[in-house]
Structures are given as structure tokens and as C-alpha cells.
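Geometric and topological summary
Residue strings, one per chain:
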Amino acid sequence: MTRYFVTRAVQTAVTLLLMSLVVYLLIGLMPGDPIDMMISGDPTMTSQDAARLRAAYGLDKPLFERYLAWLLQALQGNFGYSRSFGQPVLTVLWPRLLNTLLLAGIAFVISVAIALPLGMWAAAHPRSRADYLINLLCFGGISAPPFWLALLLITLFAVKLGWLPAGGMADIRTGTPWTTALAEQLRHLALPVLTLTLVQLGGYTRFMRGAMIEALRQDYVRTARAKGASERIVLWRHAFANALSPVLTILALSFGGLVSGALITETMFAWPGMGKAIYQAILENDYNLALVGLLVATAATIGGNLLADLTYAWVDPRVSLAEATP
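These remarks concern the structure in this document. The shown structure was predicted, so the numbers you read here are calculated from the model rather than taken from an experiment.

**Describing the overall build of the protein chain**
- Helix and strand counts for the protein chain stand at 14 helices and two strands.
- A buried classification covers 39% of the 326 residues belonging to the protein chain.
- Counting contacts in the protein chain only where the partners sit at least 6 residues apart, residues at least 24 apart contribute 74% of the total.

This is the structure we're talking about:
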């Protein structure tokens, strides 16, 4: 077990190092830099002023040399400042990370809680009317573009009915009762959470249905039924645990999306999350903010894969972490 975690820690460190190099080089190769943006915003700036600013920010040095300087500072816990916000990168990203985890986390939990039993029901009643209806709804959710779905929900619930706000976060003032604050926060979360839930629900349900159908065809299921086990025991005790293993891979890969944020949904509902922050940082050539944001998303994906491996060993006793260690 110790060897497994040490190996995964080394793999994670190497992956993050390579990811930081690739992202830094890609952002650095984009046309223009922050000084060019300053020049376009201030026509009175001279070439001498621009040269002094590039020297102050280190932009006059070769790209790889700038990356090494950033890496040495990052290893000491200093990830630099965001040029767009004029604040330390972690100060900018931390509240946006919490906002994304709140939004996408709630949608993820609701999607999984609905998709797993729904997929099991569809697999237990194949080619029935319920199965056809579930498949139809799943394909509809998968095919619907998130921006179109967001516009539809905003038009219906915010414009036509006026029940919910169209976007933004709740502005909770000091002294507001917690019940009122919670209700207002839930009202602002309702539409973006519903959008993300509908987008994710179809895929999760289809994966669960396919895995359950495959598990129900196995010999051990026929043996359990031959011994007189009830259908409920066959589904939950025999088929579900084996069908859950491949589904966990999909859920683990989705974990990285919780941190990187749902860009389209956050933009449509003006939700200040990670996805929107990373997108704006790339557009504005904010190297530090974009780089650290993408590294956080990468680390979350790696952490999700590690969590999936640990869950495999818990769900299926045949899986050994010692054997998974290279």
C-alpha cells in the first residue's frame, strides 16, 4: 500500500511538472503580451516605457528562462500575481474554486443520485416502455447544447414566470438571518444547477445502464437466480457492485471538471467560478492565473483517478492496489 501511494505521488509530481511546462509554453507562444495590451489601452505610452515594463515583468527574457524562474518561485509556495486582478493568484482562485465546487458539486451529486438507480431500472427492464422513455430522455440531455438549455431555462423561469433570478450570486449582507441567506443562495443556484444536472444526467444514466446490462448477462447472476435469490438481491448484491467499477472511471474523470468549472454554464449565468476565470486569464495573457488554474484542474483529475482506484479495491475485492503498482 505504501509503495502504491509513493509511486502515485511521484507520477502526480511528474505529470504536474510536464503540464506546467506545456501550458506555460503554449500561453507564452500566444500573440501579444500584457504590455501590448497596456499599449493599446494607453496610446501615450512610449517604446521606452514598454521596454522598461517588459524588463520589470521579466518579459524580455527567453520563454524557457521565464518558466524556470516561475517554477523556482512556485516550489517555494509563491505562484505570483495575477496581472488582471493585481492580487496573488491563490487569492483570486480560492473563492472561485469554492464557487465552482458549490455549483458543480451539487449538480454532480444530484446527477449521480438520479442516474445510478435510473440506469439500473432501465437495465432491469430492457426494451420496455420505461426503458425507451429513459433512453429518449438521456439522448435528449446529451444532445442539448448547454448554452441553449441555459437560455431555455432562463427564458422560462426567470423571464416568463419570474420565479428565479437569471444569474449571478446571492448578495448576502451582514446580519441577514441564515434561513433567508440560504433561501436566497438556493434561488440563485437553482437554474445553473439544473442546467448542469440535465447535461450530466443522460451520460451517467447511459453508462450505468450499459454496465448493468453487461453484468446481468454474467454466469454468477444466472447462478444466483437459479438458487432462488430475489431480483432485488440479484440487482443490488450481485450485479450492482460489478457494474459500478467501469462507471467509477467516468465519474472520476468528471471530478476534474468540477474544479476546472463548467465554462458555458458559468458564463451564461454570470457565475464567478474557475472555468470563467481560466478562460478570461487565457484571453488576457494572464500567465500566472491561467497556469495555476489549469494545474489545479489537472491535480483534481489525477486525484479523481486515485479515488477511483481506491474505490475499485473497496467495491471489488479482486482488485489489489499492490498489483496495480508498476
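**What to know about helix α6 (residues 129-143)**
- For α6, built from 15 residues, the straight-helix expectation of 21 Å at 1.5 Å per residue is met to within 8% by its first-to-last C-alpha distance of 21 Å.
- If you check which residues of α6 are buried, you get D131, I134, N135, C138 and G141. Down the axis, α6 shows its buried residues gathered within 125° of arc, on one side only. Facing away from the buried side of α6 by over 90 degrees, the exposed positions are R129, Y132, L136, L137 and S143.
- In this structure, the buried residues of α6 make contact with α5 (89-124) and α8 (178-216).

**Quick notes on the nonpolar core**
- Ranked by internal contacts, the top residues of the largest apolar core, which has 25 residues, are M208, M212, L216 and L251.
- If you list the elements that add at least two residues to this core, you get α5, α8, α9 (219-226) and α10 (231-260).
- Among the elements that line this core, the one with the most residues is α10, at nine residues.
- Of all hydrophobic cores here, the second largest spans 21 residues; its members include Y67, A74, L93 and L295.

**A look at the pattern of salt bridges**
- Going through the model one piece at a time under the given rule, you end up with three salt bridges.
- The partner of E184 in a salt bridge is R187, with the nearest N and O atoms 3.4 Å apart. Remark: R187 and E184 occur in helix α8; sequence separation between them is three residues, near one turn of the helix.
- Among the residues examined, E184 registers a relative accessible area of 30% and is labelled partly exposed.
- A salt bridge links R222 to D219, with the shortest nitrogen-to-oxygen separation between them at 2.2 Å.

**Structural notes on unusual backbone geometry**
- The backbone of R127 shows a phi angle near 60°, a positive value even though the residue is not glycine.
- With respect to the secondary-structure elements, R127 resides in the loop between α5 and α6.
- On the basis of relative accessible area, R127 is assigned to the exposed category, the value being 71%.
- For A270, which is not a glycine, the phi torsion comes out positive at approximately 50°.
- On the accessibility criterion, A270 (40% relative accessible area) is partly exposed.

Procedures and definitions
Residues numbered from 1 in each chain as written. Predicted model: local features only at pLDDT ≥ 70, side-chain atom pairs only at ≥ 80, totals over all residues. Heavy atoms only, no water. Helix = DSSP H or I, 4+ residues; strand = E, 2+ residues; numbered from the N terminus. Buried < 20%, exposed > 50% of the residue type's maximum accessible area, 1.4 Å probe, protein only. Contact = heavy atoms within 4.5 Å. Expected span 1.5 Å × (residues − 1). Arc of directions from axis to C-beta. Core = buried A, V, L, I, M, F, W, Y, C linked by side-chain atoms within 4.5 Å. Salt bridge = Lys/Arg side-chain N within 4 Å of Asp/Glu carboxyl O.

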